[in-house]
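Fold and geometry: a report
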Amino acid sequence: LQALLDAGSAEKSEAADAESIELIFALAKRMLENNQFSGAKRWEEELARREGPEGTLWRYCRGRRLAAAAKGTNDAEFAEAERALAELKKIRPSWSRGFLLEAAIQERRGRLEDAADAYRNAIQSGCRELAVDEKLLALLYRLGRYAEAERRLAEMQDRAAGCTALTAQEISLAAGQG
């Protein structure tokens, strides 16, 4: 009986740890979205402590932080972000977050076509964040690929029927078209 209780306790502990890692990751992402790099670094370090040297969430956060914080694409921080991406691609080659890091790096380099491809790959790899669809949509408009943007918007509508954020996106796009 004690062995069963211990096993159940261990499972609960693992579940709680997994939940806390997801929460920490969410906090790190929020900091990154708001360009709060020192706060993001703190959560990234906590993820690294919990995930260990083979972790992917902390590598993703590190890459995103360094790519965004670098003064330019020839900066040492930017090169480190690219190394983080290469490591992620080795560990999890089809991970949607790896594609998101690739998109951020390509966008920062001004390679908008490559960034759009990476966002597309992230979505095809299972990323369902509306913000990612919005980034891809904005890139497609910047690239003058209006027909593809319209198709993507229709796909977004199918996936997120009734989402008020999508309605706001439609209004924004319609206003931009004049």
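Since we're looking at a predicted model, the values are computed, not measured.

Glancing now at the packing of helix H5 (residues 96-109) against helix H6 (residues 112-124). Orientation of H5 relative to H6, taken along the N-to-C sense of each, is 165 degrees, at an axis distance of 8 Å. On the basis of the axis angle, H5 is roughly antiparallel to H6. When you trace H5 past H6, the crossing you get is left-handed. Where H5 abuts H6, its residues Ser 96, Phe 99, Leu 100, Glu 102, Ala 103, Gln 106 and Glu 107 lie against Leu 112, Asp 114, Ala 115, Ala 118, Tyr 119, Asn 121 and Ala 122.

Quick look at the pattern of salt bridges now. In the structure shown here, the tally under the stated rule is 18 salt bridges. The closest approach of N and O atoms between Glu 87 and Arg 59, which form a salt bridge, is 2.5 Å. Taken together, the residues Glu 87 in helix H4 (residues 76-91) and Arg 59 in helix H3 (residues 57-69) connect sequence positions 28 residues apart. By relative accessible area, which is 34% here, Glu 87 ends up partly exposed. Overall, Arg 59 belongs to the buried group, its relative accessible area being 9%. Its salt-bridge partner being Glu 129, residue Arg 97 comes within 2.2 Å of it at the nearest N-O pair. Of this pair, Arg 97 sits in helix H5 while Glu 129 sits in the loop between H6 and helix H7 (130-142), placing them 32 residues apart in sequence. Several salt bridges share partner residues, and in doing so they unite Glu 44, Arg 62, Arg 65, Glu 80 and Arg 83 into one network.

Right, let's talk about helix H2 (residues 37-51) for a bit. Across its 15 residues, H2 extends 20 Å between first and last C-alpha, which sits within 8% of the 21 Å expected from 1.5 Å per residue. Just downstream of H2, Gly 52 is the residue with a positive phi angle, here 90 degrees.

Let's shift gears to the nonpolar core. Core analysis: the biggest nonpolar cluster contains 43 residues, and Leu 47, Tyr 60, Cys 61, Leu 100, Ile 105 and Tyr 119 have the highest contact counts within it. Sort the elements by how many residues they give to this core and H6 lands first, with 7 residues. Leave out the neighbours within four places in its chain, and Ile 105 touches Ala 67, Phe 78, Ala 81, Glu 82 and Leu 85.

Positionally, Asp 133 belongs in helix H7. You can call Asp 133 buried: its relative accessible area is 1%.

Here Arg 142 is to be found in helix H7. Sequence-wise, Arg 142 and Leu 112 are 30 residues apart; in three dimensions their C-alpha atoms are separated by 8.6 Å. Discounting chain neighbours no more than four positions away, the residues touching Arg 142 are Glu 107 and Leu 112.

The rules behind each value
Residues numbered from 1 in each chain as written. Predicted model: local features only at pLDDT ≥ 70, side-chain atom pairs only at ≥ 80, totals over all residues. Heavy atoms only, no water. Axes fitted to C-alpha atoms, helices over the stretch in contact; angles between N-to-C directions. Helix = DSSP H or I, 4+ residues; strand = E, 2+ residues; numbered from the N terminus. Parallel < 35°, antiparallel > 145°, perpendicular 65-115°, else oblique. Left-handed = near helix turned anticlockwise from the far one by under 90°. Contact = heavy atoms within 4.5 Å. Salt bridge = Lys/Arg side-chain N within 4 Å of Asp/Glu carboxyl O. Buried < 20%, exposed > 50% of the residue type's maximum accessible area, 1.4 Å probe, protein only. Expected span 1.5 Å × (residues − 1). Core = buried A, V, L, I, M, F, W, Y, C linked by side-chain atoms within 4.5 Å.

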